[in-house]
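Residues per chain, in single letters:
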Amino acid sequence: MTDSRLPILHHFEASPFSEKIRVIFGFKQIAWQSVLIPRIMPKPDLVPLTGGYRRTPVMQIGADIFCDTRIIQREIEKRFPEPTLFPGGNGGVPDMTGLWTDRIFFGSAVFLAFGSLGDKVPQDFIDDRTKLRGAPFDVKAMAAALPHHRDQFRSQAALIEAQLAHGGKFLLGEFSLTDAGCYMNIWYVRSNLPELADELLAEFPRLRDWEQRVRILGHGTRTELSGQDALTIAAKATPEARAPEATRDCERWRIGDVVKVSADEPVKTPIEGEIVSLSVHHIAIRRRDPDLGEVVVHFPRLGYVVSDA
(Lines give C-alpha, C1' and ligand atoms only; values in the text may rest on other atoms or scores of the structure.)
Protein backbone atom coordinates (compact mmCIF):
# COMPACT_ATOMS: atom_id res chain seq x y z
CA MET A 1 0.00 0.00 0.00
CA THR A 2 1.43 3.38 -0.99
CA ASP A 3 0.76 6.88 0.30
CA SER A 4 1.97 9.69 -1.95
CA ARG A 5 1.80 12.18 0.92
CA LEU A 6 4.46 10.43 3.01
CA PRO A 7 8.20 11.01 2.63
CA ILE A 8 9.94 8.28 0.67
CA LEU A 9 13.56 7.64 1.58
CA HIS A 10 15.68 5.98 -1.09
CA HIS A 11 18.50 4.42 0.95
CA PHE A 12 20.38 1.28 1.92
CA GLU A 13 20.63 -0.09 5.43
CA ALA A 14 24.40 0.34 5.88
CA SER A 15 24.47 3.98 4.73
CA PRO A 16 25.57 6.32 7.55
CA PHE A 17 23.99 9.38 5.92
CA SER A 18 20.75 7.43 5.63
CA GLU A 19 21.01 6.59 9.31
CA LYS A 20 21.22 10.31 10.08
CA ILE A 21 17.88 10.85 8.34
CA ARG A 22 16.32 7.71 9.84
CA VAL A 23 17.23 8.99 13.32
CA ILE A 24 15.62 12.35 12.51
CA PHE A 25 12.47 10.47 11.47
CA GLY A 26 12.61 8.69 14.83
CA PHE A 27 13.08 11.87 16.81
CA LYS A 28 10.12 13.52 15.10
CA GLN A 29 8.10 10.25 15.06
CA ILE A 30 7.45 10.55 11.33
CA ALA A 31 5.70 7.91 9.24
CA TRP A 32 7.74 7.31 6.09
CA GLN A 33 8.19 4.91 3.21
CA SER A 34 11.43 3.04 2.53
CA VAL A 35 12.84 2.18 -0.88
CA LEU A 36 16.00 0.11 -0.64
CA ILE A 37 18.49 0.91 -3.40
CA PRO A 38 21.84 -0.70 -4.37
CA ARG A 39 25.06 0.49 -2.72
CA ILE A 40 26.71 0.81 -6.12
CA MET A 41 25.66 1.73 -9.64
CA PRO A 42 23.51 1.05 -11.56
CA LYS A 43 20.53 2.46 -9.65
CA PRO A 44 17.74 2.14 -12.23
CA ASP A 45 14.88 3.21 -9.96
CA LEU A 46 16.70 6.25 -8.56
CA VAL A 47 18.41 8.00 -11.47
CA PRO A 48 15.16 8.68 -13.38
CA LEU A 49 13.96 10.68 -10.35
CA THR A 50 17.14 12.69 -9.85
CA GLY A 51 18.32 13.14 -13.43
CA GLY A 52 21.68 11.53 -12.62
CA TYR A 53 22.38 12.25 -8.95
CA ARG A 54 23.42 8.93 -7.39
CA ARG A 55 24.45 9.57 -3.80
CA THR A 56 22.57 8.10 -0.86
CA PRO A 57 20.06 8.98 0.50
CA VAL A 58 17.50 10.78 -1.62
CA MET A 59 14.10 11.83 -0.27
CA GLN A 60 11.01 11.93 -2.45
CA ILE A 61 7.66 13.52 -1.71
CA GLY A 62 5.40 13.02 -4.71
CA ALA A 63 7.22 14.55 -7.68
CA ASP A 64 9.60 16.62 -5.52
CA ILE A 65 13.03 15.03 -5.15
CA PHE A 66 15.52 16.14 -2.47
CA CYS A 67 19.20 15.37 -3.03
CA ASP A 68 21.79 15.52 -0.20
CA THR A 69 21.04 15.25 3.51
CA ARG A 70 21.63 18.98 3.92
CA ILE A 71 18.49 19.79 1.93
CA ILE A 72 16.62 16.70 3.15
CA GLN A 73 16.97 17.68 6.81
CA ARG A 74 15.92 21.26 6.01
CA GLU A 75 12.80 20.01 4.22
CA ILE A 76 11.91 17.65 7.07
CA GLU A 77 12.18 20.52 9.55
CA LYS A 78 9.97 22.67 7.31
CA ARG A 79 7.25 20.04 7.02
CA PHE A 80 7.50 18.65 10.56
CA PRO A 81 8.66 21.60 12.69
CA GLU A 82 7.94 20.03 16.08
CA PRO A 83 9.99 18.90 17.86
CA THR A 84 12.63 21.09 16.31
CA LEU A 85 16.13 20.11 15.19
CA PHE A 86 17.27 23.60 16.20
CA PRO A 87 16.42 23.95 19.92
CA GLY A 88 17.17 26.92 22.13
CA GLY A 89 17.47 29.39 19.30
CA ASN A 90 20.37 27.50 17.72
CA GLY A 91 19.45 28.37 14.17
CA GLY A 92 22.94 28.03 12.69
CA VAL A 93 25.18 25.98 14.97
CA PRO A 94 23.62 22.57 14.17
CA ASP A 95 24.13 23.18 10.45
CA MET A 96 27.64 24.53 11.05
CA THR A 97 28.65 21.38 12.89
CA GLY A 98 27.39 19.43 9.90
CA LEU A 99 30.43 20.63 7.97
CA TRP A 100 32.51 18.75 10.55
CA THR A 101 30.33 15.66 11.05
CA ASP A 102 29.67 15.10 7.34
CA ARG A 103 33.25 15.60 6.15
CA ILE A 104 36.05 15.52 8.72
CA PHE A 105 34.43 13.16 11.23
CA PHE A 106 32.93 11.03 8.47
CA GLY A 107 36.33 10.83 6.79
CA SER A 108 37.82 9.42 9.98
CA ALA A 109 35.04 6.85 10.25
CA VAL A 110 35.35 5.77 6.60
CA PHE A 111 39.13 5.34 6.71
CA LEU A 112 38.88 3.45 9.98
CA ALA A 113 36.12 1.13 8.74
CA PHE A 114 37.58 0.28 5.33
CA GLY A 115 41.15 0.17 6.59
CA SER A 116 40.05 -2.40 9.17
CA LEU A 117 37.99 -4.43 6.70
CA GLY A 118 40.89 -4.54 4.21
CA ASP A 119 40.65 -7.48 1.81
CA LYS A 120 37.01 -8.07 2.79
CA VAL A 121 35.93 -5.00 0.79
CA PRO A 122 34.39 -6.25 -2.51
CA GLN A 123 36.21 -5.23 -5.67
CA ASP A 124 33.03 -3.96 -7.34
CA PHE A 125 32.53 -1.59 -4.40
CA ILE A 126 36.13 -0.36 -4.71
CA ASP A 127 35.67 0.21 -8.46
CA ASP A 128 32.41 2.08 -7.91
CA ARG A 129 33.82 4.39 -5.26
CA THR A 130 36.91 5.04 -7.39
CA LYS A 131 34.66 6.28 -10.20
CA LEU A 132 32.62 8.36 -7.76
CA ARG A 133 35.68 9.98 -6.16
CA GLY A 134 37.73 10.43 -9.30
CA ALA A 135 40.67 8.95 -7.38
CA PRO A 136 41.65 5.45 -6.25
CA PHE A 137 39.66 4.07 -3.33
CA ASP A 138 42.86 2.63 -1.88
CA VAL A 139 41.91 0.16 0.84
CA LYS A 140 45.53 -1.02 1.22
CA ALA A 141 46.68 2.52 1.97
CA MET A 142 43.85 2.90 4.49
CA ALA A 143 44.91 -0.33 6.18
CA ALA A 144 48.55 0.77 6.33
CA ALA A 145 47.49 4.00 8.04
CA LEU A 146 45.19 2.37 10.61
CA PRO A 147 47.06 3.67 13.68
CA HIS A 148 46.53 7.21 12.42
CA HIS A 149 42.87 6.57 11.62
CA ARG A 150 42.29 5.14 15.09
CA ASP A 151 43.83 8.23 16.67
CA GLN A 152 41.74 10.53 14.50
CA PHE A 153 38.50 8.76 15.34
CA ARG A 154 39.25 8.84 19.07
CA SER A 155 40.04 12.53 18.86
CA GLN A 156 36.66 13.19 17.23
CA ALA A 157 34.93 11.09 19.89
CA ALA A 158 36.72 13.04 22.62
CA LEU A 159 35.08 16.24 21.36
CA ILE A 160 31.65 14.68 21.88
CA GLU A 161 32.66 13.52 25.37
CA ALA A 162 33.83 17.04 26.25
CA GLN A 163 30.63 18.66 24.97
CA LEU A 164 28.53 16.28 27.09
CA ALA A 165 30.39 17.33 30.25
CA HIS A 166 27.82 20.09 30.83
CA GLY A 167 25.46 17.38 32.09
CA GLY A 168 22.80 17.60 29.39
CA LYS A 169 21.37 14.53 27.73
CA PHE A 170 22.31 15.75 24.26
CA LEU A 171 25.06 17.87 22.73
CA LEU A 172 23.15 21.16 22.83
CA GLY A 173 21.11 20.19 25.89
CA GLU A 174 18.15 19.01 23.83
CA PHE A 175 18.32 16.72 20.81
CA SER A 176 19.36 18.60 17.67
CA LEU A 177 20.70 18.09 14.18
CA THR A 178 24.17 18.04 15.75
CA ASP A 179 23.33 14.81 17.59
CA ALA A 180 22.08 13.13 14.43
CA GLY A 181 25.25 14.08 12.53
CA CYS A 182 27.63 12.92 15.25
CA TYR A 183 25.67 9.74 15.90
CA MET A 184 25.82 8.54 12.29
CA ASN A 185 29.62 8.26 12.50
CA ILE A 186 29.62 6.39 15.80
CA TRP A 187 26.86 4.14 14.43
CA TYR A 188 28.82 3.50 11.24
CA VAL A 189 31.93 2.27 13.01
CA ARG A 190 29.96 0.25 15.55
CA SER A 191 27.85 -1.36 12.81
CA ASN A 192 30.92 -2.51 10.90
CA LEU A 193 33.40 -3.06 13.73
CA PRO A 194 31.58 -3.55 17.05
CA GLU A 195 34.60 -4.84 18.97
CA LEU A 196 36.82 -2.03 17.75
CA ALA A 197 34.12 0.52 18.61
CA ASP A 198 33.99 -0.86 22.16
CA GLU A 199 37.76 -0.51 22.41
CA LEU A 200 38.00 3.02 20.98
CA LEU A 201 35.05 4.37 22.96
CA ALA A 202 35.85 2.66 26.27
CA GLU A 203 37.23 5.84 27.85
CA PHE A 204 34.19 7.94 26.95
CA PRO A 205 31.31 7.02 29.30
CA ARG A 206 29.23 10.13 28.56
CA LEU A 207 29.43 9.41 24.83
CA ARG A 208 28.31 5.80 25.32
CA ASP A 209 25.30 6.89 27.39
CA TRP A 210 24.46 9.54 24.80
CA GLU A 211 24.79 6.97 22.00
CA GLN A 212 22.19 4.79 23.71
CA ARG A 213 19.81 7.74 24.16
CA VAL A 214 19.99 8.52 20.45
CA ARG A 215 19.58 4.86 19.47
CA ILE A 216 16.35 4.42 21.41
CA LEU A 217 14.76 7.28 19.47
CA GLY A 218 14.23 4.69 16.75
CA HIS A 219 13.39 5.38 13.13
CA GLY A 220 9.75 6.45 13.23
CA THR A 221 7.12 4.37 11.44
CA ARG A 222 8.65 2.70 8.40
CA THR A 223 6.76 1.04 5.54
CA GLU A 224 8.55 -0.77 2.72
CA LEU A 225 7.92 0.32 -0.86
CA SER A 226 9.27 -0.89 -4.18
CA GLY A 227 11.31 1.34 -6.44
CA GLN A 228 8.72 0.94 -9.18
CA ASP A 229 5.95 2.06 -6.83
CA ALA A 230 7.98 5.18 -6.00
CA LEU A 231 8.38 5.93 -9.71
CA THR A 232 4.63 5.51 -10.18
CA ILE A 233 3.97 7.96 -7.35
CA ALA A 234 6.24 10.53 -9.02
CA ALA A 235 4.58 10.00 -12.42
CA LYS A 236 1.10 10.57 -11.00
CA ALA A 237 2.03 13.56 -8.84
CA THR A 238 2.50 17.22 -9.63
CA PRO A 239 5.47 19.04 -8.09
CA GLU A 240 4.40 21.36 -5.31
CA ALA A 241 3.97 25.00 -6.28
CA ARG A 242 6.39 27.06 -4.23
CA ALA A 243 6.55 30.82 -3.99
CA PRO A 244 9.93 31.77 -5.48
CA GLU A 245 12.23 33.03 -2.76
CA ALA A 246 13.41 36.50 -3.65
CA THR A 247 16.71 36.34 -1.79
CA ARG A 248 19.34 38.32 -3.68
CA ASP A 249 21.68 35.97 -5.52
CA CYS A 250 25.31 37.03 -5.76
CA GLU A 251 25.56 35.25 -9.08
CA ARG A 252 23.36 36.03 -12.06
CA TRP A 253 20.85 33.22 -11.56
CA ARG A 254 17.15 34.00 -11.53
CA ILE A 255 13.88 32.09 -11.54
CA GLY A 256 13.34 30.64 -15.02
CA ASP A 257 17.02 30.29 -15.94
CA VAL A 258 18.07 26.92 -17.32
CA VAL A 259 21.17 25.73 -15.47
CA LYS A 260 23.19 22.70 -14.50
CA VAL A 261 23.63 21.75 -10.83
CA SER A 262 26.31 19.39 -9.56
CA ALA A 263 28.06 18.56 -6.30
CA ASP A 264 31.32 20.46 -5.83
CA GLU A 265 33.59 17.43 -6.15
CA PRO A 266 36.19 16.15 -8.63
CA VAL A 267 33.75 13.97 -10.60
CA LYS A 268 30.69 16.06 -11.41
CA THR A 269 27.34 14.75 -12.62
CA PRO A 270 25.46 17.87 -13.71
CA ILE A 271 21.65 17.79 -13.58
CA GLU A 272 20.00 20.23 -15.96
CA GLY A 273 16.73 22.04 -15.41
CA GLU A 274 14.86 25.32 -15.07
CA ILE A 275 15.18 27.17 -11.77
CA VAL A 276 11.83 27.28 -9.97
CA SER A 277 13.01 28.30 -6.50
CA LEU A 278 16.23 29.83 -5.25
CA SER A 279 17.68 31.10 -1.99
CA VAL A 280 20.94 31.32 -0.10
CA HIS A 281 20.20 27.81 1.22
CA HIS A 282 18.78 25.92 -1.76
CA ILE A 283 18.12 25.70 -5.47
CA ALA A 284 15.28 23.75 -7.06
CA ILE A 285 15.12 22.95 -10.78
CA ARG A 286 12.31 21.60 -12.92
CA ARG A 287 13.17 18.82 -15.33
CA ARG A 288 11.21 16.47 -17.55
CA ASP A 289 11.67 12.73 -17.69
CA PRO A 290 10.24 10.86 -20.71
CA ASP A 291 8.51 8.33 -18.45
CA LEU A 292 7.77 10.32 -15.30
CA GLY A 293 6.85 13.68 -16.74
CA GLU A 294 7.69 16.79 -14.72
CA VAL A 295 9.69 16.54 -11.49
CA VAL A 296 11.41 19.18 -9.39
CA VAL A 297 14.84 18.32 -7.99
CA HIS A 298 16.05 20.18 -4.90
CA PHE A 299 19.68 20.75 -3.87
CA PRO A 300 21.44 22.69 -1.13
CA ARG A 301 23.51 25.67 -2.25
CA LEU A 302 26.35 24.89 0.14
CA GLY A 303 28.63 22.36 -1.55
CA TYR A 304 26.98 22.58 -4.97
CA VAL A 305 27.98 24.30 -8.21
CA VAL A 306 25.49 26.07 -10.48
CA SER A 307 26.61 26.64 -14.07
CA ASP A 308 25.23 27.55 -17.49
CA ALA A 309 23.32 24.80 -19.24
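Below, the structure is looked at part by part. Not measured: the values here are computed from a predicted model.

### Details of the pairing of strand E7 (residues 271-278)
E7 sits mainly inside the fold: six of its eight residues count as buried. Two elements, strand E6 (residues 258-263) and E7, share four bridges in a ladder whose sense is antiparallel. Residue Lys 260 lies in a different strand from E7, and its bridge partner there is Glu 272. Sheet topology places E7 next to strand E8 (residues 282-289); four bridges connect them, and they run antiparallel. For Ile 275, the partnering residue across the bridge sits in E8 and is Ile 285. Counting the residues in the hairpin turn of E7 and E8 gives three residues.

### Structural notes on helix H10 (residues 205-215)
Where H10 is concerned, the buried positions are Leu 207, Trp 210, Glu 211 and Val 214. For H10, the arc enclosing every buried residue in end-on projection is 105°, short of the 170-degree limit, so these residues lie on one face. Tucked into the core, H10 has its buried residues touching helix H1 (16-28), helix H7 (146-163) and helix H8 (177-192).

### A word on the nonpolar core
Formed by 55 residues in total, the largest nonpolar core has its most connected members in Phe 153, Ile 160 and Trp 210. It is H8 that contributes the most residues to this core, eight residues altogether. Ile 65, Leu 225, Val 295 and Tyr 304 belong to the second-largest nonpolar core, a separate cluster that totals 30 residues.

Criteria and thresholds
- Residues numbered from 1 in each chain as written.
- Predicted model: local features only at pLDDT ≥ 70, side-chain atom pairs only at ≥ 80, totals over all residues.
- Heavy atoms only, no water.
- Buried < 20%, exposed > 50% of the residue type's maximum accessible area, 1.4 Å probe, protein only.
- Helix = DSSP H or I, 4+ residues; strand = E, 2+ residues; numbered from the N terminus.
- Pairing = 2+ DSSP bridges.
- Arc of directions from axis to C-beta.
- Contact = heavy atoms within 4.5 Å.
- Core = buried A, V, L, I, M, F, W, Y, C linked by side-chain atoms within 4.5 Å.

That is the geometry; function is a separate question.
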